[in-house]
Amino acid sequence: MFRSVILAASRSSRVERLVATAPFSRDVVRRFVAGAKTDDALRATRELVDDGLAVTLDNLGEDTVTGEQANATRDEYLTLLRMLAEAKLTPAAEVSVKLSALGQAFDEQLAYDNARAICAAAEAAGTTVTLDMEDHTTTDSTLDILTKLRKDHPSTGAVLQAYLRRTESDCRELASAGSRVRLCKGAYREPESVAYQSAREVDKSYVRCLNILMSGDGYPMLATHDPRLIAIGEDRARWFDRGPDRFEFQMLYGIRPEEQARLVGEGYTVRTYVPYGDDWYGYLMRRLAERPANLAFFARALASKK
Ligand code: FDA
């Protein structure tokens, strides 16, 4: 219920105006977002890499509605990748891309062309691209574009969401040699017809999917902050004899940094997902919906500014 209300607010332009102009927002945003500019992204990446973490960078923005916006997003990724290579932050840093920011909703071919340009730039920079997964109406289109991109850029990563009923079968399809697959729980509000609704069902699905990926031939990327699922990931890594070059953990910037450091200390590969840019509203609202404690943090920031 709580999650639904916040996720509904994430699509409301009235709530967005209210939150974006509130004086407390900056402090809250800073905890989860590296900053507005490409330089901020580079600075955060450098700090994380110096601490032994790998990074995936997300230029915030989604649901682009014009070709100009979609091309501007592509160009920002091209600049980012050039700067990462110049700063010798590749291959430790890669990029995460939302196809909706590249035009998927109104021109799939444009989204594909833009994603292909980003994949080529990533290859030139010596790193990789992962296609974020958005709401379930885009899953088929995103997986189709992934298949096409992988013909020339086989290292392009997929994201699968454990809350979707279809995902076990998608895991089987994608658990092949060289296939990079990020497994997450899923962050959107989805109907019962396509998605498990209870946390317990989602967690059980996550474990089934994790088992398929960890026992398969691909490169699993276990994206979760959930201590029980991380422990199961560690267990399966031992069981299937997967060293730090054969799978990784992933977590979001600003969330459980001490756990990220612990896993690095244990010798695992850990990648931090670092969002940056002005368009932080949808991202922040999904983080608030996930965890009431994040909302309490938000409320405390509000109270302290009164
Ligand atoms: P969940 O939020 O259910 O939390 C489970 C437990 O983890 C909590 O009970 C608590 O113990 C611990 N925990 C969580 N947050 C904590 C905190 N702030 N402090 C302390 N403990 C905390 N989604 C999507 O739909 N498409 C995508 O492409 C991606 N990409 C992506 C990349 C990466 C790297 C990550 C980590 C996540 C995504 N997601 C995503 C988001 C994902 O689907 C999911 O919404 C969030 O990761 C939250 O789910 P968790 O698995 O972390 O557990």
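Values in this document were obtained by computation on a predicted structure and should not be read as measured data. Position numbers for residues count from 1 along each chain, tracking the sequence in the order it is written. The predicted origin of the model limits local features to residues at a pLDDT of at least 70 and limits the giving and counting of side-chain atom pairs to 80 or more, whereas totals for whole chains, interfaces and linings rest on all residues. Values reported for side chains reflect all heavy atoms of the structure, with hydrogen atoms and water molecules removed beforehand.

When we say a residue is near a molecule or strand, we mean one of its heavy atoms is within 4 Å of it. Around the ligand, the structure places 25 residues, and the nearest of them are Lys-185, Gly-186, Thr-224, His-225 and Glu-290. Relative to its unbound accessible surface of 950 Å², the ligand loses 82% to contact with the protein. Elements with a contribution of two residues or more to the shell around the ligand: β4 (158–161), β5 (180–184), β7 (248–252) and α12 (281–290). In the shell around the ligand, the residues fall into 11 nonpolar, 6 polar and 8 charged. Here the shell around the ligand spans two domains, since at least three of its residues come from each of domain 1 (1–33 + 280–306) and domain 2 (38–278). Using a 1.4 Å probe, accessible areas were evaluated by the Shrake-Rupley method; residue-level cover was limited to the displayed protein chains. The helix count covers DSSP runs of H or I at least four residues long, the strand count covers runs of E at least two residues long, and both are numbered beginning at the N terminus. Put simply, Ala, Val, Leu, Ile, Met, Phe, Trp, Tyr, Cys and Pro go in the nonpolar bin, Asp, Glu, Lys and Arg in the charged bin, and everything else, Gly too, in the polar bin. Boundaries of every domain are those given by an automatic assignment or by a domain database.

Moving on: helix α7 (residues 139–152). Here, expected helix span is obtained from the residue count minus one, scaled by 1.5 Å. The terminal C-alpha atoms of α7 lie 21 Å apart, and with 14 residues this matches the ideal 20 Å at 1.5 Å per residue to within 8%. Type-normalised accessible area, obtained with a 1.4 Å probe on protein chains alone, sets the label of each residue: buried when under 20%, exposed when over 50%, and partly exposed for intermediate values. Within α7, burial applies to Thr-139, Ser-141, Thr-142, Leu-143, Ile-145, Leu-146, Leu-149 and Arg-150.

What follows deals with the sheet that holds strand β6 (residues 219–223). Strand pairs in the sheet, formed through backbone hydrogen bonds, run parallel or antiparallel to each other. Strand pairing requires that DSSP identify at least two bridges connecting the strands. Reading across from one edge, β3-β2-β1-β8-β7-β6-β5-β4 is the order of the 8 strands in this open sheet, with parallel pairing throughout. A single partner strand is all that each edge strand has here, and the edge strands are β3 (129–131) and β4. Each adjacent strand pair in this sheet contributes to an overall mean axis angle of 30°, direction not counted. Pairing between strand β2 (residues 93–97) and β3: 3 bridges, direction parallel. Opposite Val-97, over in β3, you have Leu-131 as the bridge partner. Geometry is summarised by axes, namely lines fitted to C-alpha atoms with helices restricted to the contacting stretch, and by angles between N-to-C directions that run from 0 to 180 degrees.

With that out of the way, let us pick up the environment of Tyr-77. In this fold, Tyr-77 is placed in helix α5 (residues 67–86). Classification of Tyr-77 as buried rests on a relative accessible area of 2%. Contacts are assigned to residue pairs that have any heavy atoms within 4.5 Å of one another. The contact partners of Tyr-77, leaving out residues within four places of it in the chain, are Leu-57, Asp-58, Asn-59, Val-95, Ser-96, Val-97 and Ile-118.

With that settled, consider the packing of helix α4 (residues 38–50) against α5. Two numbers describe how α4 lies on α5: the axes approach to 11 Å, and their chain directions differ by 40°. When the interaxial angle is binned, α4 and α5 end up oblique. Handedness of the crossing formed by α4 with α5: right-handed. Note on element contacts: α5 touches α4 through Glu-76, Leu-80, Met-83 and Leu-84, opposite Thr-38, Asp-39, Ala-41, Leu-42 and Thr-45. Across the contact of α4 with α5, the residue classes break down as 5 nonpolar, 2 polar and 2 charged. Any angle between 65 and 115 degrees counts as roughly perpendicular, while under 35 counts as roughly parallel, over 145 as roughly antiparallel, and the rest as oblique. The crossing is said to be left-handed when, going from far helix to near helix, the turn is anticlockwise and less than a right angle, and right-handed when the turn is clockwise.

Another point: the UniProt feature "binding site: FAD" (unreviewed entry) in the protein chain. Summarizing the sequence annotation, UniProt attributes the feature "binding site: FAD" (unreviewed entry) to Met-133, Gln-161, Lys-185, Gly-186, Ala-187, Thr-224 and His-225 in the numbering used throughout. Residue placement: Met-133 occurs in the loop between β3 and α7. Taking the relative accessible area as the measure of exposure, Met-133 reaches 7% and is therefore buried. Every residue in contact with Met-133, bar those within four places of it in the chain, is listed here: Thr-139, Thr-142, Leu-143, Val-159, Gln-161 and Tyr-188. Within the secondary structure layout, His-225 lies in the loop between β6 and α10 (227–239). What makes His-225 partly exposed here is its relative accessible area of 21%. When near neighbours in sequence (up to four residues on either side) are disregarded, His-225 contacts Ile-230, Met-251, Leu-252, Ile-255 and Arg-256. Two N or O atoms count as a polar contact when they lie within 3.5 Å, although within protein this holds only if one can serve as hydrogen donor and the other as acceptor, and sequence-adjacent residues are included solely when both atoms are side-chain atoms. Side-chain polar atoms of His-225 contact the backbone nitrogen of Leu-252, separated by 3.0 Å. UniProt positions are given in the numbering used here, feature names are shortened, and annotations may be inferred rather than shown by experiment.

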